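Now for the letters of each chain:
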Amino acid sequence: MSQLPGAVSIREVGPRDGLQNEDPIPTEAKVRLLDALSATGVRRIEAVSFVHPRAIPQMADADQVWSAATRAPGVRYSALVPNSRGAQRALAAGFTEIEVVVSASDTHNRRNVNRSTDESLDDIAELIELLHGAGATAEVIVATSFGCPYEGDVDPVRVAGIVNRVVADGADRVAFGDTTGMGTPRRVRELVTAVRTRQPEIPVLLHFHNTRGTALANLLTALELGITEFDASIGGLGGCPYAPGASGNVATEEVVHMLHDMGIDTGIDLDALVEVAELAEKLVGRQLPSGVLRAGPRTRLA
């Protein structure tokens, strides 16, 4: 086994990616969840997305949520935007870390934003320029990086080509989304190798879903390849509204539980995190899929 890192950075995506796949909950409930997560020791949170309410009605109150939330010292908050209008709203709200998504699969991209991948990349180039001009950073998230529910396998070389394009256009960071949980350790290794061979310096984050039960195995593989930044969602909230059956972001408490047992620091209080997972379950009104939420940490004895 390769040398594992001593520390990992986890970005909590429950307030945005998690809630966008649930029935809408009240604004005050979103604020309560966001504030609770900010108190767990997590250092990065994807707070909201600035999208048209017709596209994602669950995020219609993004401005109100963000204005009411408590900004915890030491926590970096980011927002997702689909286009320049969303970027302008995010900038006006005070965000300086902004994400934009493009799908590696043309079909998924058209279902998501009604345009081809190449057309989205043209828009993203202009968006990066807008963000940099306002003093913000731009992270490009490549969705369906490990497979597409409409097209099947996605060639890692295609994903690496997209990374080449966005890096040339000025992207500060890239992330790879396993949008419908099609990733496996083999595919993680192939993708990371293809990208790192061409772009060894660009910061990389991986976003796994546990739809088919491979998320933690994929994360371990990525750790062995030197990746130290990951998304996770409290309680396993989330999925993709444009990909049927794609529920199941990897649960933050499951990731932290595993990493801490391996001696890898996250800076997060696991007990506090489990309490927030219990809160998230109450707020959305359904049982969440996290095993650590159900059984507790391995240190909890009968």
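The preceding data block contains the structure.
Residues numbered from 1 in each chain as written. Predicted model: local features only at pLDDT ≥ 70, side-chain atom pairs only at ≥ 80, totals over all residues. Heavy atoms only, no water.

*Asks:* I tried to follow the overall build of the protein on my own but got confused; where do I start?
*Replies:* Helices and strands together make up the secondary structure of the protein, namely twelve helices and eight strands. Computed over its C-alpha atoms, the radius of gyration of the protein comes to 18 Å, within 12% of the 19 Å expected for a compact globule of 302 residues. Dimensions of the protein, computed from C-alpha atoms along their principal axes, come out at roughly 55 × 45 × 35 Å. In the protein, which comprises 302 residues, the proportion classed as buried is 56%. Taking all contacts inside the protein whose residues are at least 6 apart in sequence as the whole, residues at least 24 apart take part in 74%. On the protein, roughly 12,300 Å² of surface is accessible, and the fraction owed to carbon and sulfur atoms is 48%. Computing the positive centroid from 28 side-chain charges and the negative centroid from 39, the protein places the two 2 Å apart. (Helix = DSSP H or I, 4+ residues; strand = E, 2+ residues; numbered from the N terminus. Rg over C-alpha atoms; globule rule 2.2 N^0.38 Å. Buried < 20%, exposed > 50% of the residue type's maximum accessible area, 1.4 Å probe, protein only. Contact = heavy atoms within 4.5 Å. Areas by Shrake-Rupley, 256 points an atom, 1.4 Å probe, with all protein chains shown as cover. Lys, Arg positive; Asp, Glu negative; His and termini not counted. Charge placed at Lys NZ, Arg CZ, Asp CG, Glu CD.)

*Asks:* What's the story with the environment of F146 in this structure? I'm lost.
*Replies:* Relative to the elements of secondary structure, F146 occurs in the loop between β5 (137–143) and α7 (156–168). Relative accessible area serves as the criterion here: at 3%, F146 is assigned to the buried category. Between the C-alpha atoms of F146 and G94, which are 52 residues apart in sequence, the distance is 33 Å. Beyond its immediate stretch of four places on either side in the chain, F146 contacts F176, G177, D178, M182, G183, R187, V188, L191, L206 and F208.

*Asks:* Whenever I open this one, the nonpolar core confuses me. Can you help?
*Replies:* Across soluble globular proteins, nonpolar side chains have a tendency to be buried as a group. Judged by nonpolar contacts, the single largest core of 90 residues is most densely connected at Y77, F95, F176, L206, F230, I234 and L259. Tallying contributions element by element places helix α11 (residues 270–284) first for this core, with nine residues. For F95, the residues in contact, after removing those within four places along its chain, are A47, V48, F50, W66, Y77, S78, A79, A90 and A136. (Core = buried A, V, L, I, M, F, W, Y, C linked by side-chain atoms within 4.5 Å.)

*Asks:* Looking at this model, I keep getting lost on the pairing of strand β2 (residues 44–49). Mind explaining?
*Replies:* Looking along a regular strand, one sees the side chains alternate between the two faces of the sheet. With six of six residues buried, β2 lies mostly within the body of the structure. Note that strand β1 (residues 9–12) and β2 share two bridges and pair parallel. Residue pairing across strands places R11 opposite R44, the latter belonging to β2. Across five bridges, the pairing between β2 and strand β3 (residues 76–81) is parallel. Note on β3: the bridge partner recorded for I45 is Y77. Following the backbone out of β2, through helix α3 (residues 62–68) and into the adjacent parallel β3, one traces a crossover that is right-handed. (Pairing = 2+ DSSP bridges. Right-handed = clockwise from strand over helix to strand, strands pointing away.)

*Asks:* Help me out: how do you make sense of the pairing of strand β7 (residues 204–207) in this one?
*Replies:* Both faces of β7 are covered, namely the face carrying V204 and L206 and the face carrying L205 and H207. As judged from the four bridges shared by strand β6 (residues 173–177) and β7, these two strands associate in the parallel manner. Bridge assignment links A175 to a residue of β7, and that residue is L205. Note that the unit made of β6, helix α8 (residues 185–198) and β7 has a crossover that is right-handed. Across two bridges, the pairing between β7 and strand β8 (residues 229–232) is parallel. Bridge pairing links H207 to D231 in β8.

*Asks:* For this particular structure, what's the right way to read unusual backbone geometry?
*Replies:* Residues apart from glycine generally show negative phi values, whereas peptide bonds are mostly found in trans. With phi around 60 degrees, N114 is a residue other than glycine that occupies positive phi space. Looking at the secondary structure, you find N114 in the loop between α5 (106–113) and α6 (117–133). Of the residues examined, N114 reaches a relative accessible area of 68% and is grouped as exposed. With phi around 50 degrees, T144 is a residue other than glycine that occupies positive phi space.

*Asks:* Can you help me understand the sheet that holds β5 in this one?
*Replies:* Pairing between the strands of a sheet comes from backbone hydrogen bonds, and it takes one of two forms, parallel or antiparallel. Pairing in this closed barrel of eight strands is parallel, and the strands run β1-β2-β3-β4-β5-β6-β7-β8 around the ring. On average, each strand axis in the sheet is tilted by 30 degrees relative to the strand beside it, whichever way the strands run. (Axes fitted to C-alpha atoms, helices over the stretch in contact; angles between N-to-C directions.)

*Asks:* For this particular structure, what's the right way to read a negative patch on the surface?
*Replies:* Judged by side-chain charge, D269, D271, E275 and E278 come together as a negatively charged surface patch. With respect to the helices and strands, E275 occurs in helix α11. E275 gets classed as exposed once you look at its relative accessible area, which sits at 55%. (Patch = residues over 30% accessible without salt bridge, like charges linked within 9 Å, V, L, I, M, F, W, Y side chains within 5 Å. Salt bridge = Lys/Arg side-chain N within 4 Å of Asp/Glu carboxyl O.)

*Asks:* I keep staring at the environment of H52 and nothing clicks. Help me out?
*Replies:* As for its placement among the helices and strands, H52 is situated in the loop between β2 and α3. Distance in space between the C-alpha atoms of H52 and I124 is 17 Å, their sequence separation being 72 residues.

*Asks:* Teacher, can you tell me more about helix α10 (residues 252–261) here?
*Replies:* In an α-helix, one turn spans 3.6 residues; hence positions three or four apart end up facing the same way. Burial of α10 is extensive: eight of the ten residues sit out of reach of the surface. Here α10 has its buried residues at T252, E253, E254, V255, V256, H257, M258 and L259. Residues of α10 that are buried in the fold lie against β1, α9 (215–224), β8, α11 and α12 (291–295).

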